[in-house]
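What the coordinates show
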Amino acid sequence: MAVPLDTTAPAGPAGPARRARHEQPRAGGGRARVNRHLLRLPFYLLSLTMVVPFYWLIITVLKPPAELGRVPPSFVPRSPSFVNFYDPEYTAERVNPGHLQGVFQRFHVDFGFWRFLFNSVLVTTSITVGSLLICSLAAYVIAKHRIRGRRIIFLMIIASMMVPWQTTLIPNYVIMRNLGWLDTYTAYIVPALAKAFVLFFLVQFLQSVPDELIQAARVDGAGEWRIWWKIVLPLLRPALAAMSIFIVLAEWNNFLWPLVIVQSDEMANLPVALARLNSYFGAPDQQGAIMAGGFIASVPTIVFFLVFQKYFTRGIALSGLKG
């Protein structure tokens, strides 16, 4: 009588072969991961060039004056402290090399170094909000209104991007002087409200918005201002968030124009204040306070980018879509 074969049990030679087939994808997956990491190696090296200076900034801020001039320099603070921000033991009557002025003790203006931080926040916020509102309104008119000459106007605005802004430095200064706006917040804000690139970006974004949506709002009796406020601005939110990053970074780090129009310490922004801090206190043991000022100036921009980075990516992606 024949014994039935057990079809559920694999034959002897087939077992190792089956295990080999299961192990091959694992080996291939490991090689794929290694290849991916090798392809990312240039990005890792590039990130180091950005992270290492910031790390050096942080450890310099935490070093006391006695440790700043040490040779060779230490890569980890041996006695971390915050005296580079404010040293309570510093006295102007008695000079002590171990106790120097912190960054909040260097400028004899109202509120000290906080005044420069306030100036930068006020100017950057005003320019960002104002330019986004003005450019969004202009982009709505150019993209969704069939007015005569709109294409020529748009081309002229784009052509202005080809002109270096430094060529307008002297004419803008003369205008600000004739208007009596030198050393005022108005001279900071008004010339910076026109952003050709922001307008171009928003026009491209609005091309993806169907015209039927605007027409339906007009049929329902909505005016142009209401359409812009209730429909266009909410639709432009990703693009506005993306552009806000460019505007904030540019205006926060703006140095040349504030240097030209500022005539007093009270109206200086952070870049101008840091430049004056470096020129007044350039000794090696004074670098801690300068680095502390640089740290204060860099933190708000990093936080702002981390908060709005997802909107930045979304806005850049959606700007290429066409309706």
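A few points on the structure.

Cut-offs used in this document
Residues numbered from 1 in each chain as written. Predicted model: local features only at pLDDT ≥ 70, side-chain atom pairs only at ≥ 80, totals over all residues. Heavy atoms only, no water. Helix = DSSP H or I, 4+ residues; strand = E, 2+ residues; numbered from the N terminus. Buried < 20%, exposed > 50% of the residue type's maximum accessible area, 1.4 Å probe, protein only. Core = buried A, V, L, I, M, F, W, Y, C linked by side-chain atoms within 4.5 Å. Contact = heavy atoms within 4.5 Å. Salt bridge = Lys/Arg side-chain N within 4 Å of Asp/Glu carboxyl O. Patch = residues over 30% accessible without salt bridge, like charges linked within 9 Å, V, L, I, M, F, W, Y side chains within 5 Å. Areas by Shrake-Rupley, 256 points an atom, 1.4 Å probe, with all protein chains shown as cover. Phe/Tyr/Trp six-rings, centres within 6.5 Å; stacked < 30°, edge-to-face > 60°. Lys NZ or Arg CZ within 6 Å of the ring centre and 35° of its normal.

1. What about the environment of Phe 54?
With respect to the helices, strands and loops of the structure, Phe 54 is situated in helix H1 (residues 14–61). On the basis of relative accessible area, Phe 54 is assigned to the partly exposed category, the value being 27%.

2. Considering the nonpolar core
If you look at soluble globular proteins, the nonpolar side chains tend to sit buried side by side. Of all hydrophobic cores here, the largest spans 64 residues; its most connected members are Phe 113 and Leu 202. Per-element accounting of this core gives the leading share, 11 residues, to helix H3 (residues 113–144). The contact partners of Leu 202, leaving out residues within four places of it in the chain, are Cys 135, Ser 136, Ala 139, Leu 236, Ala 239 and Leu 240.

3. Quick word on the pattern of salt bridges
In this structure the tally under the stated criterion is five salt bridges. A salt bridge links Asp 211 to Arg 146; the shortest N-O distance between them is 3.8 Å. Taken as a pair, Asp 211 in helix H8 (residues 211–219) and Arg 146 in the loop between H3 and helix H4 (150–160) lie far apart in primary sequence, 65 residues in all. For Arg 276, the salt bridge goes to Asp 265, with nearest N and O atoms at 2.4 Å. Highlighted residues: Arg 276 in helix H12 (residues 270–280) and Asp 265 in the loop between helix H11 (256–261) and H12, separated in sequence by 11 residues.

4. Observations regarding a nonpolar patch on the surface
A cluster of nonpolar side chains, contributed by Leu 41, Tyr 44, Leu 45, Leu 48 and Val 52, occupies part of the molecular surface with about 450 Å² of accessible area. Note that Val 52 resides in helix H1.

5. A look at helix H9 (residues 224–235)
Regarding H9, the residues found buried are Ile 227, Trp 228, Ile 231, Val 232 and Leu 233. Of the surrounding secondary structure, the elements contacted by the buried residues of H9 are H3, helix H7 (196–206), H8 and helix H10 (237–252).

6. Re the packing of aromatic side chains
What the rule picks out here adds up to 13 aromatic pairs. Both rings, one in Trp 228 and one in Trp 229, keep their centres 5.9 Å apart while their planes meet at 55°; by these two values the pair is tilted. Members of the aromatic cluster, connected to one another through ring pairs, are Phe 104, Phe 107, Phe 113, Trp 114 and Phe 116. Sitting above the plane of the Trp 56 ring, Lys 63 keeps its charged end 4.9 Å from the centroid.

Bear in mind that shape data such as this cannot, by itself, settle questions of function.
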